[in-house]
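So the chains spell out like this:
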Amino acid sequence: MAQAWSFQLYSARNYQPWDKVLQTLGQIGYSQVEGFGGVYDDPAAFRKELDKNGLAMASGHFAIDLLENDFDSAARIAETLGVKLIACPFLMADDRPTDVDGWKGFGERLAKVGEKAKKAGFGFAWHNHAFEFEKLADGSVPQTHILETAPDIGWEMDVAWVIRGGADPLQWIDRYGKRIAAVHVKDIAPTGENADEDGWADVGHGTVDWKGLMKALREKTPARIFVMEHDNPSDYQRFARRSFDTVSHF
């Protein structure tokens, strides 16, 4: 698979309708988008809009509840939309383990989903936030236990969340680069800036060394899906255009 610049549709969730969003993304130059639960109501109709705008949905986020309790439905949605990589994106705070054994148990759950995905012809990966890098009582971090307990699943690395979790993304790329199946490309505003956007920034307009990170990611990982994301943009078109312009020069 050739490298592709993708766009996480969650970034545009507040800017409907979707047909206009997809048209804009195609015009900017994106070749892929990444799906999430908010666009799965009518997969066939959404696929038509993707095709119309020259976009592919190579990856998609699917909730752990759906993946564990009704994987067949998730697979049908993914197949209709053309998804090749299924990513599990989050664990609600109330559901997060608090110790090593708990996180190993969660890794075992992900491993079972990964087996189902593989049998169905999909790749599978865990997508991180910051909580996976918060130290447990013994000094270890959940992300280690997730990846070590589920050695056959991939990792969709959200670099900015790694940083917000207090970790060094380059060290994690060195350690688990071969596991990184896709990457979320997002940026962090300087301290005190962009408070209305939860402290995030357009890619290339924040504090993350994306040029250096992209070099490491290309050299040390098999990732070919690079997903632009901003969790709370005040203007998704501005974010999409400026970010695409930045990465197009890498």
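Residues numbered from 1 in each chain as written. Predicted model: local features only at pLDDT ≥ 70, side-chain atom pairs only at ≥ 80, totals over all residues. Heavy atoms only, no water.

Participant: Whenever I open this one, unusual backbone geometry confuses me. Can you help?
Facilitator: What you tend to see is this: most non-glycine residues have negative phi, and most peptide bonds are trans. Note the cis peptide between Gln16 and Pro17, where omega equals 5°. Positive phi, close to 55°, is recorded for Asn194, a residue that is not glycine. Structurally, the position occupied by Asn194 is in the loop between strand S8 (187-188) and strand S9 (200-201). One non-glycine residue with positive phi stands out, namely Asp198, at about 60°. Structurally, the position occupied by Asp198 is in the loop between S8 and S9. Residue classification places Asp198 among the partly exposed residues on the basis of a relative accessible area of 44%. (Helix = DSSP H or I, 4+ residues; strand = E, 2+ residues; numbered from the N terminus. Buried < 20%, exposed > 50% of the residue type's maximum accessible area, 1.4 Å probe, protein only.)

Participant: Please explain the pairing of strand S3 (residues 56-61) as it appears in this structure.
Facilitator: Consecutive side chains of a regular strand alternate in pointing toward one face of the sheet and then the other. With five of its six residues buried, S3 lies for the most part within the structure. Across three bridges, strand S2 (residues 32-35) lies against S3 in parallel orientation. Bridge pairing in S3 places Glu34 opposite Ser59. Two strands pair when backbone bridges link them, and S3 and strand S4 (residues 85-88) are joined in this way by three bridges, in the parallel orientation. Directly across from Ser59, in S4, lies its bridge partner Leu85. (Pairing = 2+ DSSP bridges.)

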